[in-house]
Amino acid sequence: MSDMITADLVDLDLSADTKEAAARALAERMVAQGRVTDLDGFLADVAAREAQMPTGLDGGIGIPHCRSAHVTEPTLAFGRSAAGIDFGAPDGPADLIFLIAAPAGADDAHLTILSSLARQLMNTGFTDALRSAGDAATAAALIRGDESPAADAGTDASARNRTAAESRTTDSGTSETPGTPGTPGTSGGTGDSVAAPAAASAGAATGTSATPSAPGTEPAPPPAPPFRIVAVTSCPTGIAHTYMAAESLENAGREAGVELVVETQGSAGFTRLDPAVIAAADGVIFAHDVPVRDKDRFAGKPTVDVGVKAGINRPGELIGEVRRKAARGEVSAAAAPGGTPVERAGEAGEGYGTKLRKWLMSGVSYMVPFVAAGGLLIALGFAIGGYRINKAPSVMDHFVWTQSDSWAALLFQIGGVAFAFLVPVLAGYIAYGMADRPGLVPGFVGGSIALTINAGFLGGLAAGLISGGVVMAIQKVRIPAALRGIMPVVVIPLISSAVVGFLMFVVIGKPIATAQKGMTDWLNGLTGSNAVLLGALLGLMMCFDLGGPVNKVAYTFATAGIAVSDPSDSAMKIMAAVMAAGMVPPLAMALATTVRGRLFTHTERENGKAAWVLGASFISEGAIPFAAADPLRVIPASMVGGALTGALSMTFGATLRAPHGGIFVVPLIGNPFFYLIAVAAGVCATTALVVALKTLRASRQGGADAGAADGDDEGGRAAAAHGKQPVAA
């Protein structure tokens with residue numbers, strides 16, 4: 001790690017008071033050393049990673065980190081804060097801040113070194129030594145492993161940070177020697193590494209296993225085999241939390257006298273645990289924020305499934321929980337291959353509303369490609385063959401290579417087949433989000449039944465939720481060990497499909513079909529101010545989170561209306577309004593960086609060039625870099641422009657049969673001239689607001705700086721304080 005951190009990358013008197021300011025202060029040191037090429041671009045990547053999950057850990061540690069194209073080589077910067085900085089840890093502010101920067105294509109060797117640092121952070125001897133380090137060179141040497149924490153921890157009682165450190169408690173053990181990066185252990189995930197930790201765990205459990213019997217005494221009975229646990233840890237970037245959770249679980253396992261082996265599924269890849277080790281395990285712990293790969297390997301065992309931070313913060317509780325489940329014989333969580341990758345994507349204890357949103361988004365995310373492909377093919381069929389192409393005979397019976405109508409009919413019919421999958425895919429993957437692969441069969445069956453009984457998208461939503469619920473209920477039934485092997489292949493698909501089919505055909509299918517027809521009739525009847533208000537609302541939703549859940553709800557609502565062979569005029573108007581509004585934010589940011597480039601950073605101006613293409617292609621995410629850097633100005637301005645565009649599109653009566661494509665499907669748009677006027681109006685409105693708000697902020701900051709320079713009255717000092725606002729304010 002000698003080339004990853006030097007004394008120049010250490011700040012023992014970090015004065016920042018927010019996590020954004022701390023990241024900037026440490027990143028500036030990286031820029032000064034030539035490790036980072038674009039400060040603002042790198043900080044945007046750090047903020048994007050921070051938005052996925054807070055990086056604060058118990059014990060006063062903050063580890064902001066990311067992969068970034070703006071990083072030239074793997075780099076680590078360290079800061080020590082006397083006051084503490086809030087990184088979202090449950091036990092309070094962090095005083096030890098590690099900013100980890102990995103290039104977008106970092107090699108495995110460098111990532112392994114970074115992971116070894118993450119493991120060291122779980123050792124209190126290492127963190128205590130950093131808190132007591134008297135100079136930057138000593139701190140850098142400790143982090144590199146050039147100096148032993150044991151020798152330094154007690155030599156310099158730096159009271160500046162020790163007081164805060166002593167008030168914290170951690171779950172990690174302190175009995176082993178800290179500060180040994182890359183030490184082989186159970187978390188390597190290989191079968192060869194299992195024997196040593198197993199022996200150590202057994203010795204810890206008995207306390208006498210390594211001591212020979214005294215002469216003249218009967219030999220002690222052989223110790224009972226230790227409780228065996230296999231664990232998997234993973235996080236979105238696979239650099240820090242993955243390995244810290246592994247280290248924390250291993251330490252807690254040694255303290256509890258259990259044999260615990262961890263498979264770390266990190267950025268540098270992973271080595272699967274030996275199948276014999278998994279087969280011998282008495283329980284399983286999943287501490288992950290991304291889906292566990294090859295999860296079916298752990299089927300049929302007592303399982304605890306939590307977010308990765310739970311593995312760091314409370315490993316002892318997780319070990320106790322899996323032991324209690326084993327004692328009760330609870331294996332339902334892993335009776336089928338895998339658990340719930342979408343449901344378990346965050347911390348344990350999520351509310352039902354959050355889980356429901358994730359389940360629904362799972363179905364929508366798998367459905368959208370079918371919508372895009374099928375919708376564009378149908379729209380192209382209409383564009384080439386006219387609006388009567390839906391009456392053409394099957395191309396199996398009649399296809400002339402030289403006739404454009406035949407090609408138009410082919411495109412239309414392929415698109416129609418793709419559209420026929422929408423509801424089954426929606427239902428199937430909602431069930432998959434709830435119950436993993438066992439939910440797919442009843443989900444697809446229920447979705448197909450929804451199409452058969454004309455229950456449409458509402459029927460698909462209901463079928464997916466019912467299928468997932470039925471499978472989860474079946475998984476909770478205690479099954480003899482001899483039958484567990486056939487559960488996911490035969491029993492669960494058979495029973496769940498029969499139950500879902502009965503409910504959809506006999507119980508709830510007809511009411512849902514009636515509700516679907518009522519919604520369709522309501523859309524067909526939208527006229528005048530009601531249609532305009534709906535367009536404005538959909539525009540607001542499309543621009544609220546730029547590709548997030550609210551945006552997806554509006555988009556799904558629109559595509560549901562045109563996902564039929566003959567969509568109504570109102571449904572096509574809604575689709576047009578939604579796509580027009582979704583184009584506004586990136587196009588407006590591109591225009592703003594062109595007309596007032598001095599208000600934006602160099603990175604933002606470069607992103608603005610790409611935003612022209614992204615916005616024209618109806619990719620709302622093109623505005624995310626701008627919103628991340630300045631959300632309080634970019635997002636409200638985007639929502640105003642989106643609402644204006646949506647309302648104008650509905651007012652002009654523009655229609656659209658294609659669910660995607662941006663300006664590239666203008667020939668397929670009804671009333672295209674006024675449609676483009678609606679988009680232009682929203683873009684201009686958003687651009688004007690963004691420029692005005694940023695200009696106002698710049699003038700206030702300028703006044704604040706002048707007031708601070710004068711320093712001759714209280715008003716000047718107040719203005720200076722007001723001017724010191726974070727970039728993302």
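Residues numbered from 1 in each chain as written. Predicted model: local features only at pLDDT ≥ 70, side-chain atom pairs only at ≥ 80, totals over all residues. Heavy atoms only, no water.

A. Geometry of the overall build of the protein chain. Secondary structure assignment for the protein chain yields 27 helices and 12 strands. The buried share among the 729 residues of the protein chain stands at 50%. Just so you have it, the protein chain exposes about 30,100 Å², and 62% of that area is on carbon and sulfur atoms. (Helix = DSSP H or I, 4+ residues; strand = E, 2+ residues; numbered from the N terminus. Buried < 20%, exposed > 50% of the residue type's maximum accessible area, 1.4 Å probe, protein only. Areas by Shrake-Rupley, 256 points an atom, 1.4 Å probe, with all protein chains shown as cover.)

B. Broad picture of helix 14 (residues 404-419). End to end, helix 14 covers 22 Å across 16 residues, agreeing with the expected 22 Å (1.5 Å per residue, within 8%). Of the residues making up helix 14, those classed as buried are Ser-406, Ala-408, Ala-409, Phe-412, Gly-415, Ala-418 and Phe-419. (Expected span 1.5 Å × (residues − 1).)

C. A look at the packing of aromatic side chains. What the rule picks out here adds up to 14 aromatic pairs. Consider the rings of Phe-286 and Phe-298, whose centres lie 5.3 Å apart with planes at 85 degrees: the pair is edge-to-face. In this pair, Phe-286 sits in strand 9 (residues 283-288) while Phe-298 sits in the loop between strand 9 and strand 10 (303-306), placing the two residues 12 residues apart along the sequence. Phe-298 matches Phe-286 in its accessibility class, with the two residues each being buried. Here the aromatic rings of Tyr-366 and Tyr-432 are separated by 6.2 Å at their centres, their planes lie at 85 degrees, and the arrangement is edge-to-face. Taken together, the residues span a long stretch of sequence, with Tyr-366 in helix 13 (residues 352-385) and Tyr-432 in helix 15 (residues 422-435) at a distance of 66 residues. (Phe/Tyr/Trp six-rings, centres within 6.5 Å; stacked < 30°, edge-to-face > 60°.)

D. Region of interest: the environment of Lys-694. With respect to the secondary-structure elements, Lys-694 resides in helix 26 (residues 672-710). You can call Lys-694 buried: its relative accessible area is 4%. Spatially, the C-alpha atom of Lys-694 lies 9.7 Å from that of Arg-596, the residues being 98 residues apart in sequence. Residue contacts for Lys-694: discarding those within four places in its chain leaves Leu-599, Phe-600, Asp-630 and Arg-633. (Contact = heavy atoms within 4.5 Å.)

E. Just the packing of helix 16 (residues 440-452) against helix 17 (residues 456-475), in detail. Relative to each other, helix 16 and helix 17 sit at 155 degrees, their axes nearing to 8 Å. On the basis of the axis angle, helix 16 is roughly antiparallel to helix 17. Viewed along their axes, helix 16 and helix 17 form a crossing whose handedness is right-handed. Of the residues in helix 17, those in contact with Pro-442, Gly-443, Gly-446, Gly-447 and Ala-450 of helix 16 are Gly-456, Gly-459, Gly-460, Ala-463, Ser-467 and Val-471. Split by residue class, the contact of helix 16 with helix 17 holds 4 nonpolar, 7 polar and no charged. (Axes fitted to C-alpha atoms, helices over the stretch in contact; angles between N-to-C directions. Parallel < 35°, antiparallel > 145°, perpendicular 65-115°, else oblique. Left-handed = near helix turned anticlockwise from the far one by under 90°. Nonpolar A, V, L, I, M, F, W, Y, C, P; charged D, E, K, R; others polar.)

F. Up close: the nonpolar core. In terms of nonpolar packing, the biggest core is built from 84 residues, with Val-578, Met-579, Leu-656 and Tyr-675 touching the most fellow members. If one sorts the elements of this core by residue count, helix 22 (residues 569-595) sits on top with 16 residues. Residues within four places of Met-579 in sequence aside, it is in contact with Phe-618, Leu-656, His-660, Gly-661, Gly-662, Val-665, Ile-669 and Tyr-675. Core analysis: the second largest hydrophobic core is formed by 50 residues, Val-10, Ile-61, Ala-94 and Ile-97 among them. (Core = buried A, V, L, I, M, F, W, Y, C linked by side-chain atoms within 4.5 Å.)

G. How the structure looks around the sheet that holds strand 7 (residues 228-234). Read across the open sheet, the 4 strands follow the order 8-7-9-10; overall the sheet is parallel. Among the strands making up the open sheet, the edge pair consists of strand 8 (259-264) and strand 10. The mean angle between the axes of side-by-side strands here comes to 15 degrees, regardless of whether they run parallel or antiparallel. Summarising the sheet, strand 7 and strand 8 pair through 6 bridges and their orientation is parallel. By the bridge assignment, Arg-228 is partnered in strand 8 with Glu-259. Across the sheet, helix 9 (residues 241-256) lies against strand 7, strand 8 and strand 9, angled at about 175 degrees from strand 8, the strand it touches most. Along the sheet, helix 12 (residues 315-328) makes contact with strand 7, strand 8, strand 9 and strand 10, crossing strand 10 at roughly 145 degrees. (Pairing = 2+ DSSP bridges.)

H. Quick look at the pattern of salt bridges. Taken as a whole and judged by the stated rule, the model has 16 salt bridges. Each of Asp-630, Arg-633, Lys-694 and Arg-697 takes part in salt bridges that share partners, so that together they form one network. (Salt bridge = Lys/Arg side-chain N within 4 Å of Asp/Glu carboxyl O.)

I. The arrangement of the side chain of Ser-617 in detail. Within the secondary structure, Ser-617 is located in the loop between helix 23 (602-616) and helix 24 (624-629). Beyond its immediate stretch of four places on either side in the chain, Ser-617 contacts His-660, Gly-661, Gly-662 and Phe-664.

J. Layout of helix 12. Between its terminal C-alpha atoms helix 12 stretches 20 Å, which fits the 20 Å expected from 14 residues at 1.5 Å a residue. Listed as buried for helix 12 are Pro-315, Leu-318, Ile-319, Gly-320, Val-322 and Lys-325. Downstream of helix 12 by one or two residues, Gly-329 has phi in the positive range, about 75 degrees.

K. Broad picture of the pairing of strand 10. Burial along strand 10 is two-sided: the face carrying Thr-303 and Asp-305 and the face carrying Val-304 and Val-306 are both buried. Bridging between strand 9 and strand 10 involves 4 bridges; their strand directions are parallel. Residue Phe-286 lies in a different strand from strand 10, and its bridge partner there is Asp-305.

L. Looking closely at a nonpolar patch on the surface. On the surface, Phe-502, Phe-505, Val-506 and Val-507 cluster together to form a nonpolar patch covering roughly 410 Å² of accessible area. Its place among the elements puts Val-506 in helix 18 (residues 487-507). (Patch = residues over 30% accessible without salt bridge, like charges linked within 9 Å, V, L, I, M, F, W, Y side chains within 5 Å.)

M. Geometry of unusual backbone geometry. One non-glycine residue, Phe-618, lies in the positive phi region at around 60 degrees. Secondary-structure assignment places Phe-618 in the loop between helix 23 and helix 24. On the basis of relative accessibility, which here comes to 6%, the residue Phe-618 falls in the buried class.

N. Examining the confidence of the model for the protein chain more closely. In the predicted model, the protein chain carries a mean pLDDT of 77, and the fraction of residues at 70 or more is 76%. Scored below 50 in pLDDT, residues 332-349 makes 61 contacts in the model with residues more than four places away or belonging to other chains. (pLDDT = per-residue confidence, 0-100.)

O. Representation of the environment of Leu-130. With respect to the helices and strands, Leu-130 occurs in helix 4 (residues 124-132). By relative accessible area, Leu-130 is classed as buried at 0%. Each C-alpha atom of the pair Leu-130 and Leu-96 lies 8.0 Å from the other, and the pair is 34 residues apart in sequence. Leaving out residues up to four positions away in the same chain, Leu-130 has contacts with Phe-78, Arg-80, Leu-96, Phe-98, Ala-139, Leu-142 and Ile-143.

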